[in-house]
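An overview of the molecular structure
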Amino acid sequence: MPIEIKINDSEDPTARYITYAPSPCKIRQTPAAAALTVTLSSQAGAAGGGEAVFYANRAVGAQPTPTLTLTLPAAGTWVDFSLGGRPGTPSIDDLDCLLIASSPSDSLTVPLMVRVRKNANKLKARERDRFLLALAKLNSTLTPSAYQILRNMHVQAANPEEHGGPQFLPWHRTYLLDLERQLQAIDPSVSMHYWRFDEPAANVFTKLFMGETRQSPDTPFLVALDPGNPLVGWVTDSVPGILRSATFNTLTQAAPGLPGFELLNQAETLALGDAYPQFRSMEGTPHGAAHVSFNGWISEIPTAPKDPLFFMLHSNVDRLWALWQWLNLRTDAGDPDVYTGQNRDGRRVNDTMWPWNGIVTAPRPNFAPGNGLAASPQTTTPGTKPTVRSTIDYHGSRVGAPADWLGFSYDDVPFDFTV
Amino acid sequence: MDTNDYRRKIEQSVAKVRARQSRSPMRARPADHRALVSDKKAAAKTRAEALGRVTRDEGADAVPSTALDRLSDPKESPVVRLAAIKLLQHKQIFSSVAADWRPAFIEALRAAVREPKLRAAALQVLSLYKDRPTQELLLQGIREPKRALVPLHDALRLLSNDIHADVIDVAKKLTNIRQLRKNKAAFMQAVRILAADPGSIATLEAVLANGAYGVDARRMAATAISHLSPGALQRTQDAERAPRARRGAGAGKRAAAAKAPAKARGALARHIETLQRIRG
């Protein structure tokens with residue numbers, strides 16, 4: 001069938017990754033004598049594969065549909081449409097979701113992936129193993145490794161850029177995105193999965209995943225890893241292994257935090273308040289409380305990213321923010337209930353963020369690791385120098401506003417159009 | 001997934017929390033928590049929990065002076081002081097004025113090292129901070145075991161957080177001491193540290209080739225070699241396949257390798273294959 005389709009407005013096959021947000025797509029027929037009517041649909045390409053849905057227009061309350069019928073002009077003009085992952089049916093494997101364009105005479109099938117961040121405790125073994133291998137490769141290749149460069153961003157001297165203020169959530173959202181995009185450059189089917197610290201995670205703290213983690217009140221130990229786990233090659237600061245113990249039973253309990261300063265669960269976190277100044281107190285608990293539920297690297301800011309669990313912990317922190325945003329329709333960065341800045345560089349809504357902006361003059365640190373935020377084949381936003389603003393509407397939900405779609409979703413945070 | 005149903009469920013869970021919070025008896029005031037912390041007649045565990053409430057309630061912008069005071073008081077219960085260490089560690093993560101009180105925290109931790117019940121926790125934090133006086137104390141304890149604050153394997157683990165030439169020197173000497181092979185935990189930590197020393201490849205290869213060392217230390221040596229010299233991976237795999245034929249292996253080593261359980265050799269082979277997969 002003489003039809004061409006662009007996913008994420010690109011003909012590049014590496015752009016064929018979608019999330020729960022509507023991805024901008026185009027379709028056309030090669031110039032012909034008459035217009036052509038096609039129906040778009042989607043189905044899983046394998047058992048448990050991803051499925052997509054279609055958005056006919058961008059409007060508050062607009063619901064996605066399982067099919068979409070379009071008329072392609074005879075002149076071969078591109079016709080816009082949007083598709084996103086069907087909530088609850090993300091992909092497991094690369095390109096296991098099929099987009100099908102059917103006309104009365106023929107059909108075209110385009111494989112793609114509904115790629116979302118998932119609960120690490122519920123991953124299929126092959127999803128887990130792809131994630132671990134990409135992570136291990138990122139930390140092993142080149143000197144310094146790309147992972148080391150990321151670690152160099154999360155250091156004591158940069159603390160005011162990252163912690164202790166309203167920028168905490170936007171900065172770490174960007175930090176996660178930087179890592180995730182670099183992982184996806186190694187294996188595009190990988191996402192930055194999250195560890196739900198308010199639930200027991202018997203499948204996470206195993207030799208096959210983040211390492212069997214001993215329980216101890218005050219002494220960290222080397223976590224135990226299966227010989228086939230790619231983390232057996234984990235080396236940081238030239239020393240192998242991961243130092244971590246937990247103050248709790250990682251297989252049967254949620255992370256507790258500290259007596260008197262306990263870890264808030266998901267509902268308690270969302271109940272902190274409907275406005276950003278209240279909600280951002282989650283930096284203390286559950287975020288900080290999750291960190292100090294362990295002994296070892298992850299319990300201190302400068303050493304925390306030495307432990308790969310750090311990024312899964314932060315993915316859950318970011319998921320909680322995303323869930324809060326969705327629940328309270330908090331996507332307009334100009335609204336102080338959505339983000340309330342402070343009068344310091346890097347904390348105002350329109351400020352760029354260190355180190356991606358490359359600024360090395362006070363009050364920023366006098367160094368800036370990396371060369372800007374990693375690029376994505378799926379979206380051009382937020383560019384190499386993200387602002388606080390660019391992190392807020394990560395799903396590109398706002399109708400009539402420039403889409404700041406960042407190219408990620410969480411498996412349990414749906415998409416809705418907002419004003 | 002029906003997103004409307006899902007939204008309702010989440011809203012209900014939040015409403016339930018808020019209802020519980022509004023039903024609960026009047027929350028104790030911060031002053032009450034502080035009073036409880038000061039009440040030496042109360043159980044130490046209760047006071048430690050009250051200290052947690054005080055530290056939580058004072059928020060991100062205040063210096064956690066109550067916890068700092070409790071940690072700094074040598075007459076205070078170790079239970080309360082231990083809680084203070086963890087709470088101050090927690091507060092360092094999100095305090096907007098963390099830099100202002102960090103020196104006082106470090107000073108209090110150095111003093112806490114003298115208290116045996118606080119030592120492990122204090123040394124852990126100080127070693128993560130790369131505190132030089134702490135490193136010197138640990139090195140001194142390795143050189144003069146009678147003055148050691150902690151067992152050898154703990155000292156090496158703590159020192160591994162900040163590798164310097166003196167730490168590598170200590171690890172080199174230890175891996176050459178025959179006696180240390182019986183102290184598996186310490187030997188393992190010493191091998192870890194040698195991964196930072198390109199001059200130690202031969203030692204690491206010897207550990208890898210010798211079944212007498214135990215599979216955990218040999219796996220650690222394999223990772224260290226692949227880090228120092230990825231090209232040496234093939235050589236290490238050859239060593240694993242034919243340990244008894246390895247050049248330079250003495251009769252004792254050959255005998256030990258022959259006795260190494262097949263399961264252990266299998267784990268090591270898989271470990272090396274995984275290392276190659278990462279590099280591949």
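Since this is a predicted model, take the numbers as computed values, not measurements. (Residues numbered from 1 in each chain as written. Chains lettered and ligands numbered in written order. Predicted model: local features only at pLDDT ≥ 70, side-chain atom pairs only at ≥ 80, totals over all residues. Heavy atoms only, no water.)

Turning to the interface of chain B and chain A, a few remarks are in order. Every contact between the two is made by 58 residues of chain B and, on the other side, 63 residues of chain A. For the pairing of chain B and chain A, the buried interface totals around 5,300 Å² over both sides, and the portion due to carbon and sulfur atoms is 60%. Looking at the side of chain B facing chain A, the largest losses of area belong to R7, I93 and I278 of chain B, adding up to 14% of the total buried there. For the pair chain B and chain A, the interface holds 5 salt bridges. On the surface where chain B and chain A come into contact, there are 33 residue pairs in polar contact (both at pLDDT 80 or more). If one sorts the elements of the side of chain B that touches chain A by residue count, helix 1 (residues 3-23) of chain B sits on top with 10 residues. (Contact = heavy atoms within 4.5 Å. Buried area = accessible area lost by both parts, 1.4 Å probe. Salt bridge = Lys/Arg side-chain N within 4 Å of Asp/Glu carboxyl O. Polar contact = N/O pair within 3.5 Å; in protein donor to acceptor, adjacent residues only side chain to side chain. Helix = DSSP H or I, 4+ residues; strand = E, 2+ residues; numbered from the N terminus.)

Looking now at the confidence of the model for chain B. Residue and element names in this part refer to chain B. For chain B, per-residue confidence averages 89 on the pLDDT scale, and 87% of positions sit at 70 or higher. Contacts from residues 243-249, a stretch scored under 50 in pLDDT, to residues over four places away or in other chains number 10 contacts. For this predicted complex, the interface confidence comes out at an ipTM of 0.94, alongside a pTM of 0.95. (pLDDT = per-residue confidence, 0-100.)

Residue and element names in this part refer to chain B. With their axes 10 Å apart at the nearest point, helix 8 (residues 132-143) and helix 9 (residues 152-159) run at an angle of 145° to one another. Like other packed secondary-structure pairs, helix 8 and helix 9 cross with a definite hand, here left-handed. In this structure, helix 8 contributes Q135, L138, L139 and I142 to the contact, and helix 9 contributes L152, A155, L156, L158 and L159. (Axes fitted to C-alpha atoms, helices over the stretch in contact; angles between N-to-C directions. Left-handed = near helix turned anticlockwise from the far one by under 90°.)

Right, let's talk about the packing of aromatic side chains for a bit. All names here are of chain A. Enumeration over the complete set of coordinates arrives at 30 aromatic pairs over all chains. Plain terms: the ring middles of F310 and F311 are 4.9 Å apart, the flat faces sit at 85° to each other, and that makes the pair edge-to-face. Take F310 and F311: they sit in the same class, and that class is buried. By way of ring pairs, the aromatic residues Y147, W171, Y175, W234, F310, F311 and W356 are connected into one cluster. (Phe/Tyr/Trp six-rings, centres within 6.5 Å; stacked < 30°, edge-to-face > 60°. Buried < 20%, exposed > 50% of the residue type's maximum accessible area, 1.4 Å probe, protein only.)

All names here are of chain B. Taken as a whole and judged by the stated rule, the model has 41 salt bridges over all chains. Residues K91 and E58 are paired through a salt bridge, measuring 3.2 Å at the closest nitrogen-oxygen approach. Placement of K91 in helix 5 (residues 78-94) and of E58 in the loop between helix 3 (44-57) and helix 4 (65-72) is noted, with a sequence separation of 33 residues between them. Judged by relative accessible area, E58 falls into the partly exposed class, the value being 23%. The salt bridge partner of R110 is E107, with a shortest N-O separation of 3.2 Å. In this pair, R110 and E107 are both assigned in helix 6 (residues 98-112), 3 residues apart and thus about one turn of the helix distant.

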